Amino acid sequence: MDSIFSYLRAHATELGSRILETHPPLQGTKDPVAPRIATLLRKALPAQALAITGTAKYLRNAKSARIVAECGAGKTYMALGTIHVLAEGRPSQRW
């Protein structure tokens, strides 16, 4: 193997399985999404709804989270959607 790319390509299946064992997803594709997502002014794409719900679940027990995705995936929208879900209809509070 002469590069990281060739290494990752050769071991992608094993690495993917190991990552899922170590860090299981909080939100599966068959799990229901947060009901508050339906009240957003713009309809979330299915992957965005999963990310919003998973991030909200994570932030209920953590102080911070990261949404990592490619340009144009809607990271800002997902972050705002997460805030919307966590606010549960209450006005925002000062920290």
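Residues numbered from 1 in each chain as written. Predicted model: local features only at pLDDT ≥ 70, side-chain atom pairs only at ≥ 80, totals over all residues. Heavy atoms only, no water.

A.B. asks: How should the layout of surface pockets be read in this particular structure?
C.D. replies: Left-over empty space is what a probe sized like a water molecule reveals as it rolls over the atoms. Its volume calculated, the largest pocket comes out at about 400 Å³. As for the largest pocket, its lining consists of 16 residues, of which Leu-26, Ala-51, Gly-54, Thr-55 and Arg-66 are closest to the centre. Of the residues contributing to the lining of the largest pocket, the split by class is 11 nonpolar, 4 polar and 1 charged. (1 Å grid on protein atoms, 1.4 Å probe; cavity = no way out; pocket = protein on both sides within 12 Å on 5 of 7 lines; lining within 4 Å. Points joined across faces, edges and corners; volume = space filled by probe spheres on them. Nonpolar A, V, L, I, M, F, W, Y, C, P; charged D, E, K, R; others polar.)

A.B. asks: I tried to follow a nonpolar patch on the surface on my own but got confused; where do I start?
C.D. replies: On the surface, Met-1, Ile-4, Tyr-7 and Leu-8 cluster together into a nonpolar patch covering about 470 Å² of accessible area. Position of Leu-8 among the secondary structure elements: in helix H1 (residues 4-10). Accessibility expressed as a relative area gives 44% for Leu-8, which makes it partly exposed. (Patch = residues over 30% accessible without salt bridge, like charges linked within 9 Å, V, L, I, M, F, W, Y side chains within 5 Å. Areas by Shrake-Rupley, 256 points an atom, 1.4 Å probe, with all protein chains shown as cover. Salt bridge = Lys/Arg side-chain N within 4 Å of Asp/Glu carboxyl O. Helix = DSSP H or I, 4+ residues; strand = E, 2+ residues; numbered from the N terminus. Buried < 20%, exposed > 50% of the residue type's maximum accessible area, 1.4 Å probe, protein only.)

A.B. asks: Where do I start with the pattern of salt bridges in this structure?
C.D. replies: Side chains that differ in charge, positive against negative, can pair when their charged atoms come close. Throughout the structure, instances matching the rule amount to 2 salt bridges. For Arg-60, the salt bridge goes to Glu-88, with nearest N and O atoms at 3.9 Å. Here Arg-60, found in the loop between helix H3 (46-59) and helix H4 (75-87), pairs with Glu-88, found in the segment after H4; they are 28 residues apart in sequence, far enough to count as distant. Here Glu-88 falls in the partly exposed class, since its relative accessible area comes to 45%. Measuring nitrogen to oxygen at the nearest pair gives 3.1 Å for the salt bridge that ties Arg-90 to Glu-88. Note on Arg-90: relative accessible area 45%, which makes it partly exposed. Each of Arg-60, Glu-88 and Arg-90 takes part in one network of salt bridges that share partners.

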